[in-house]
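Next come the chains, spelled out residue by residue.
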Amino acid sequence: MNVCHWAVAAAVGLSVACGGPSESFEPLPEPDFSLFVSEISPILEARCADGGCHGSPLRPFALYAVGRHRLAPQPTFSRVPLEMEELSANYHTARGFIDAPSPLETTLLHKALSRGGEEAHGGGAVFQDASDPECEVIARWLQGDHEP
Ligand code: HEM
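Every value quoted in this text rests on a predicted model; they were computed, and no experiment measured them.

A. Examining the coordination of the iron atom of the ligand more closely. For the iron atom of the ligand, the protein coordination sphere consists of H54 (NE2) and H121 (NE2), at 2.0 Å. Here the iron atom of the ligand is ringed by 6 donor atoms whose angles at the metal span 87 to 178 degrees, and the overall shape comes out octahedral. Linking H54 in the loop between α2 (33-48) and α3 (84-95) with H121 in the loop between α4 (107-112) and α5 (133-143), this pair joins segments that are 67 residues apart in sequence. Taken individually, H54 and H121 each receive the classification buried, so the pair is uniform in this respect.

Have a look at this one:
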């Protein structure tokens, strides 16, 4: 058996040893994209995307924003409105932190509300509490509640 066969055998062995492939793999939620573009990305850009915060490719939750981190060929700090590719990237990045059925339990809002303990947030409480109007807009988007 060549190296590749050994590798496959090892992978299968490992997956069986670890209890088999996870049947409970859930696809990421897909909240409304057009609402993300019109209402959510502007909030995230304004409240999260400073260069020392999420306006950096080094953060797992990395965001593009006007005047800050941009996608080439847009130079960094460009003030040209975000391209659809940048908005789409912001959307898919945010989806990665929608990891609970209840909006306020998602990592996205847990961090922004800096819920105590391990879930505290390096950026502190960006939203003082869940009644912050912009936090409510994000929670409604996550819930799928929006005016037609
Ligand atoms: C509403 C706005 C914000 C949201 C939704 C948000 C969300 C998040 C999320 C999901 C994470 C975990 C993924 C990661 O490490 O990138 C995180 C971590 C972090 N954020 Fe934010 N953030 C916001 C604003 C800020 C701001 C303004 C700052 C800087 C002042 C900041 C600084 C950090 C730092 C340093 C971490 C890593 C440490 C940790 O895990 O807490 N964030 N944030």
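B. Seen up close, the site of the ligand. Close contacts around the ligand come from 17 residues, with C48, C53, H54, H121 and G122 the closest. Within the backbone of P60, a nitrogen or oxygen atom sits 3.5 Å from an oxygen atom of the ligand. When contributions to the shell around the ligand are tallied by element, the ones reaching two or more residues are α2 and α4. Among the residues making up the shell around the ligand, the classes are represented as 10 nonpolar, 4 polar and 3 charged.

C. Layout of the environment of N90. Mapped onto the elements of the fold, N90 is located in helix α3. Judged by relative accessible area, which is 1%, N90 ranks as buried. Placed 27 residues apart in sequence, N90 and L63 show a C-alpha to C-alpha distance of 5.5 Å. Setting aside anything within four residues of it in sequence, one finds N90 in contact with F36, S41, E45, A62, L63, Y64 and L82.

What counts and what doesn't
- Residues numbered from 1 in each chain as written.
- Predicted model: local features only at pLDDT ≥ 70, side-chain atom pairs only at ≥ 80, totals over all residues.
- Heavy atoms only, no water.
- Donors = N, O, S within 2.8 Å, 3.2 Å for Na, K, Ca; no water.
- Tetrahedral: all angles 85-135°; square planar, octahedral: opposite > 155°, others 65-115°.
- Helix = DSSP H or I, 4+ residues; strand = E, 2+ residues; numbered from the N terminus.
- Buried < 20%, exposed > 50% of the residue type's maximum accessible area, 1.4 Å probe, protein only.
- Near = heavy atom within 4 Å.
- Polar contact = N/O pair within 3.5 Å; in protein donor to acceptor, adjacent residues only side chain to side chain.
- Nonpolar A, V, L, I, M, F, W, Y, C, P; charged D, E, K, R; others polar.
- Contact = heavy atoms within 4.5 Å.

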